[in-house]
Amino acid sequence: MDFITANLSSVHKKNEFCCEKELLDNYLYKQANQDIKRKLSACFVLADNNSNLIKGYYTLSNSSIPSILIPEEVKKQLPNSYTSIPTTLLGRLAIDKNFKGNGIGKILLVDALKRCYEISKTIGSFAVIVDPLDKEAQTFYAKYGFIKLPDSGKMFLPMKTIQQLFEK
Ligand SMILES: CC(C)(COP(=O)(O)OP(=O)(O)OC[C@H]1O[C@@H](n2cnc3c(N)ncnc32)[C@H](O)[C@@H]1OP(=O)(O)O)[C@@H](O)C(=O)NCCC(=O)NCCS
């Protein structure tokens, strides 16, 4: 599969990125490289080939969620022995303010889901989890089928659903 993003590296001008959400900007400036070194998350960027300015980025990590959080209709497909369900966390997704509203958020989300699906072929992952920052982000993810997990701000999309996107 082809991806439109690349791993964050020293060529990328991360300090010029601004998505207008301080938490997500500071993450890129101060923490992303540390997390990569510590193997806590991988960070993928869509950047301009000439200027190396970052148009958007996202992060992925292995994660798990307690099976009690999974809605009953989905849980029916799972064996009772699993108290914790393996998932992939799309921890952050942000687009630079100069590029918002041009479909890049959607393109990066699809790119991230594609990577998650590829990973799930070698390391089991039942769903992709997101942790939206606010109501707006929730609305964005809901648009693409993410379902709210009860008693948690998190949302999920089953890997089976993602599989249908990429395998016809
Ligand atoms: C949310 C965000 C990623 C969307 O990126 P974008 O490139 O502006 O979005 P797109 O142009 O690809 O829009 C895709 C669709 O989502 C909708 N959308 C865009 N921003 C949205 C928002 N903030 N809230 C709800 N829906 C939104 C668009 O209307 C569009 O729908 P359409 O295809 O029916 O027209 C971007 O605004 C951003 O970086 N926000 C700050 C960080 C953030 O909140 N990240 C998300 C969770 S941590």
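Now for a description of the structure that goes with this document. Computed from a predicted structure; not experimentally measured. (Residues numbered from 1 in each chain as written. Predicted model: local features only at pLDDT ≥ 70, side-chain atom pairs only at ≥ 80, totals over all residues.)

At a closest axis distance of 10 Å, the pairing of helix α3 (residues 104-120) and helix α5 (residues 159-166) adopts a crossing angle of 110°. Considering the angle they form, α3 stands roughly perpendicular to α5. Mapping the contact onto sequence places Leu113, Lys114, Cys116, Tyr117 and Ser120 in α3 and Met159, Ile162, Gln163, Leu165 and Phe166 in α5. (Axes fitted to C-alpha atoms, helices over the stretch in contact; angles between N-to-C directions. Helix = DSSP H or I, 4+ residues; strand = E, 2+ residues; numbered from the N terminus. Parallel < 35°, antiparallel > 145°, perpendicular 65-115°, else oblique. Contact = placed C-beta atoms within 7 Å.)

Tracing the backbone shows aspartate 35 in helix α1 (residues 22-37). The spacing of aspartate 35 and threonine 59 is 24 residues in sequence and 9.9 Å in space, taken between C-alpha atoms. Every residue in contact with aspartate 35, bar those within four places of it in the chain, is listed here: Leu40 and Ser41.

What follows deals with the site of the ligand. As a structural note, the neighbourhood of the ligand is formed by 21 residues, with Lys100, Gly105, Lys106, Glu136 and Ala137 the closest of them. Contributing elements (two or more residues each) for the shell around the ligand: β4 (84-95), α3 and α4 (135-143). Here the shell around the ligand gets five residues from one element, more than from any other, and that element is α4. (Near = placed C-beta within 6 Å.)

To continue, consider the nonpolar core. Grouped together as the largest cluster of nonpolar side chains are 39 residues, with contacts concentrated most on Val45, Tyr57, Ala112 and Val128. Elements represented by at least two residues in this core include exactly α1, β2 (42-47), β3 (54-66), β4, α3, β5 (127-130), β7 (155-158) and α5. Residue contacts for valine 45: discarding those within four places in its chain leaves Thr5, Ala6, Leu8, His12, Ile54 and Tyr57. (Core = buried A, V, L, I, M, F, W, Y, C linked by C-beta atoms within 7 Å. Buried ≥ 20, exposed ≤ 12 C-beta atoms within 10 Å, placed from the backbone.)

One open sheet holds the seven strands; their spatial order is β1-β2-β3-β4-β5-β7-β6, and the pairing between them is mixed. Each edge of the sheet is formed by a strand with only one pairing partner; in this case those strands are β1 (6-7) and β6 (147-148). By the bridge criterion, eleven bridges tie β3 to β4 in an arrangement that is antiparallel. Along β4, the bridge assignment pairs serine 64 with proline 86. Against the sheet, α3 touches β2, β3, β4 and β5, its axis set at about 40° to β3. (Pairing = 2+ DSSP bridges.)

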